[in-house]
Structures are given as C-alpha cells and as structure tokens.
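As a plain string of letters, each chain reads:
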Amino acid sequence: MKFKMAKGSLFAVLLRSTWWYSVLIGLFILLISLAATDAQYVTVSIVASMPFFVIGGFAGFKQLQQPSHKRVLEVSQQARNMSAGDISEKIAANYIKSGYQSSAFKGNGADLELVRGHRKLLLCSKRFKAANTGIEPLKLLVAAGETTEAIGYLYLTLGDVSASAHNYAQKNNIEIIQSSRLAMLFDGKAKIN
C-alpha cells in the first residue's frame, strides 16, 4: 500500500513551498509552546515543532537539487535558438548515459525512440517553441506510441500547457518536459528511470 499525502494538506503545501516557511512555522510553534508552558515542557515543545523542521529540511534538500531561476532562463533562451532535432539529441544524451539506445522515429508523432530492454519511450520536440500546448499533439504522440508498443512518452514544450493536456498526460504516462526539467537535462543532473 502506498502512502499518498492529500494535495491540500498543510505538509503537502509546505513541501511545495520555500523551505524556510516550514522552519519559521516550527520556530513559531516552539517559541509559543515554550512561552505558554513557562518552559516546563521543553521536550513536548520540541516534539511538537519537529515535523515542521523535518519538512523544511526535506524541502530545502529538494530545492537545492533544482536549477536556479537564472539557469532555467539561460537554458530556455539557448533552447529557443536550437532546432527540434538538436534539442532532441541533447535530451536523448541523458537517456543514452542511462543505458537507453536512441534511434530516429519513423513516423509523424515523435522525433526519437529511446529503448532500454523492453522499455520503449517516444520523445517529441517538434512543437517545443509553441506558446501553448493543447491535447492534440499529445494524442498524436500516444497514437504513434500505440503502433510501436511504447510504454512511456516525453513531450518537450517551453510554452504553457493547458489543464486538459496535463490531465491527459497524467492518464497516458506522458512526461511533459518544461523549462526547469529541461535545464536539469541540459546540465546532466536529471534522474532518468
């Protein structure tokens, strides 16, 4: 059984927020509880604030692994000056390091086919400069994957993605690569499954 935190819970919100928010809340709880009990229950005060310090530490660790805003902007600008083929090869290089083999996709919905054992991914970067991405290019990618028995998809876009496209991507195992993930791929720091 997998443990899944509710999206709207306090800890889920703090995990998505800047790390120091959690630390401030933890300090606030610690100071208020010490003041309210005249420091008689120091252990209880520390235990009550500890979850916030742990969440702050975990969020800080995750945020340190992410590229800076400046780096994301640099990579986005660099990518806008590249062709779709060049950027596909740059992304594929990360997958090749992880044991995938890359080959050109002979079809309309994708650019590259990435294969490792029985795992096959399709990468599409044809419309990565488009300002908005809807559901249609994702459907085209999935249709291409059904003919080649792909189990996962990678779709690159530097623009906005509609809510319906996000929902479709989640249902069909499509990883939407946007600016932050692209910066990690360019720097060779992205985790590849």
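Values in this document were obtained by computation on a predicted structure and should not be read as measured data.

Colleague: Would you mind going over helix α5 (residues 84–97) with me for this structure?
Modeller: Each turn of an α-helix holds 3.6 residues, which means side chains three or four residues apart point in the same direction. Given a rise of 1.5 Å per residue, 14 residues ought to cover 20 Å, and the 20 Å separating the end C-alpha atoms of α5 matches this to within 8%. Every buried residue belonging to α5 is among Ile-87, Ser-88, Ile-91, Ala-92, Asn-94 and Tyr-95, and all of these are buried. One or two positions beyond α5, positive phi appears at Gly-99, with a value near 100°.

Colleague: Would you mind showing me how to read the confidence of the model for the chain here?
Modeller: For any part of a model where pLDDT is low, the fine detail of the predicted coordinates should not be relied upon. Looking at the chain as a whole, the pLDDT averages 89, with 98% of positions reaching at least 70. Model confidence for the chain, summarised as mean pLDDT per element, is weakest for helix α1 (residues 10–16) at 85 and strongest for strand β5 (residues 152–156) at 94.

Colleague: Help me out: how do you make sense of the nonpolar core in this one?
Modeller: Side chains that are nonpolar tend, in soluble globular proteins, to be buried together. In terms of nonpolar packing, the biggest core is built from 25 residues, with Ile-87, Ile-91, Tyr-95 and Leu-182 touching the most fellow members. Broken down by secondary-structure element, the contributors of at least two residues to this core are α4 (69–80), α5, β2 (112–116), β3 (119–124), β5 and α8 (179–186). Filtering out sequence-adjacent residues up to four positions away, Leu-182 remains in contact with Val-75, Ala-79, Ile-87, Ile-91, Leu-156, Leu-158 and Ile-177. In this structure, Ala-150, Tyr-153, Val-161 and Tyr-168 belong to the second largest nonpolar core, which totals 17 residues.

Colleague: Please clarify how the pairing of β3 should be interpreted in this entry.
Modeller: Every other side chain in a regular strand lies on the same face of the sheet, so the side chains alternate between the two faces. The element β3 is extensively covered by neighbouring structure, given that five of its six residues are classed as buried. Both β3 and β5 contribute to a ladder of four bridges, which runs parallel. The residue bridging Leu-123 from the neighbouring strand is Leu-154, located in β5.

Colleague: Sorry, what's going on with the packing of aromatic side chains here?
Modeller: Geometrically, a pair of aromatic rings is defined through the distance of the ring centres and the angle of the planes. Applying the stated criterion across every chain yields a total of three aromatic pairs. With 4.6 Å between their ring centres and 75° between their planes, Trp-20 and Tyr-21 make a pair best called edge-to-face. For Tyr-21, a relative accessible area of 39% puts it in the partly exposed group. Here Tyr-95 and Tyr-100 contribute two aromatic rings whose centre-to-centre distance is 5.4 Å and whose plane-to-plane angle is 75°, an arrangement assigned as edge-to-face.

Colleague: Hey, could you run me through the pattern of salt bridges in this one?
Modeller: Where charged atoms of side chains with opposite charge meet at close range, the side chains can pair. Summed over all chains, the structure comprises three salt bridges. The partner of Arg-71 in a salt bridge is Glu-74, and the shortest N-O contact between them spans 3.4 Å. With Arg-71 and Glu-74 both in helix α4, this residue pair falls three residues apart, about one helical turn. Arg-71 sits in the partly exposed class, given a relative accessible area of 23%. One salt bridge in this structure joins Arg-71 and Asp-187, with 2.5 Å as the shortest N-O distance. Taken together, the residues span a long stretch of sequence, with Arg-71 in helix α4 and Asp-187 in the segment after α8 at a distance of 116 residues. The structure contains a network of salt bridges with shared partners spanning Arg-71, Glu-74 and Asp-187.

Colleague: It is not clear to me how a nonpolar patch on the surface should be interpreted in this structure. Could you clarify?
Modeller: On the surface, Trp-19, Trp-20, Tyr-21, Leu-24 and Leu-27 cluster together to form a nonpolar patch covering roughly 500 Å² of accessible area. Tracing the chain through its elements places Leu-27 in helix α2 (residues 19–36). What makes Leu-27 partly exposed here is its relative accessible area of 37%.

Colleague: Got a minute to help me understand the packing of helix α6 (residues 136–148) against helix α7 (residues 163–171) in this structure?
Modeller: Each pair of packed helices can be summarised by the angle the axes make with each other and by the distance between the axes. Close contact between α6 and α7 brings their axes to 9 Å; oriented N to C, the two are set at 20°. In terms of orientation, α6 lies roughly parallel with respect to α7. Classified by chirality, the crossing of α7 by α6 is left-handed. Along the contact surface, α6 presents Leu-138, Lys-139 and Val-142, while α7 presents Ala-165, Tyr-168 and Ala-169. For the contact of α6 with α7, the per-class residue count stands at five nonpolar, no polar and one charged.

So, how was this worked out
Residues numbered from 1 in each chain as written. Predicted model: local features only at pLDDT ≥ 70, side-chain atom pairs only at ≥ 80, totals over all residues. Heavy atoms only, no water. Helix = DSSP H or I, 4+ residues; strand = E, 2+ residues; numbered from the N terminus. Expected span 1.5 Å × (residues − 1). Buried < 20%, exposed > 50% of the residue type's maximum accessible area, 1.4 Å probe, protein only. pLDDT = per-residue confidence, 0-100. Core = buried A, V, L, I, M, F, W, Y, C linked by side-chain atoms within 4.5 Å. Contact = heavy atoms within 4.5 Å. Pairing = 2+ DSSP bridges. Phe/Tyr/Trp six-rings, centres within 6.5 Å; stacked < 30°, edge-to-face > 60°. Salt bridge = Lys/Arg side-chain N within 4 Å of Asp/Glu carboxyl O. Patch = residues over 30% accessible without salt bridge, like charges linked within 9 Å, V, L, I, M, F, W, Y side chains within 5 Å. Areas by Shrake-Rupley, 256 points an atom, 1.4 Å probe, with all protein chains shown as cover. Axes fitted to C-alpha atoms, helices over the stretch in contact; angles between N-to-C directions. Parallel < 35°, antiparallel > 145°, perpendicular 65-115°, else oblique. Left-handed = near helix turned anticlockwise from the far one by under 90°. Nonpolar A, V, L, I, M, F, W, Y, C, P; charged D, E, K, R; others polar.

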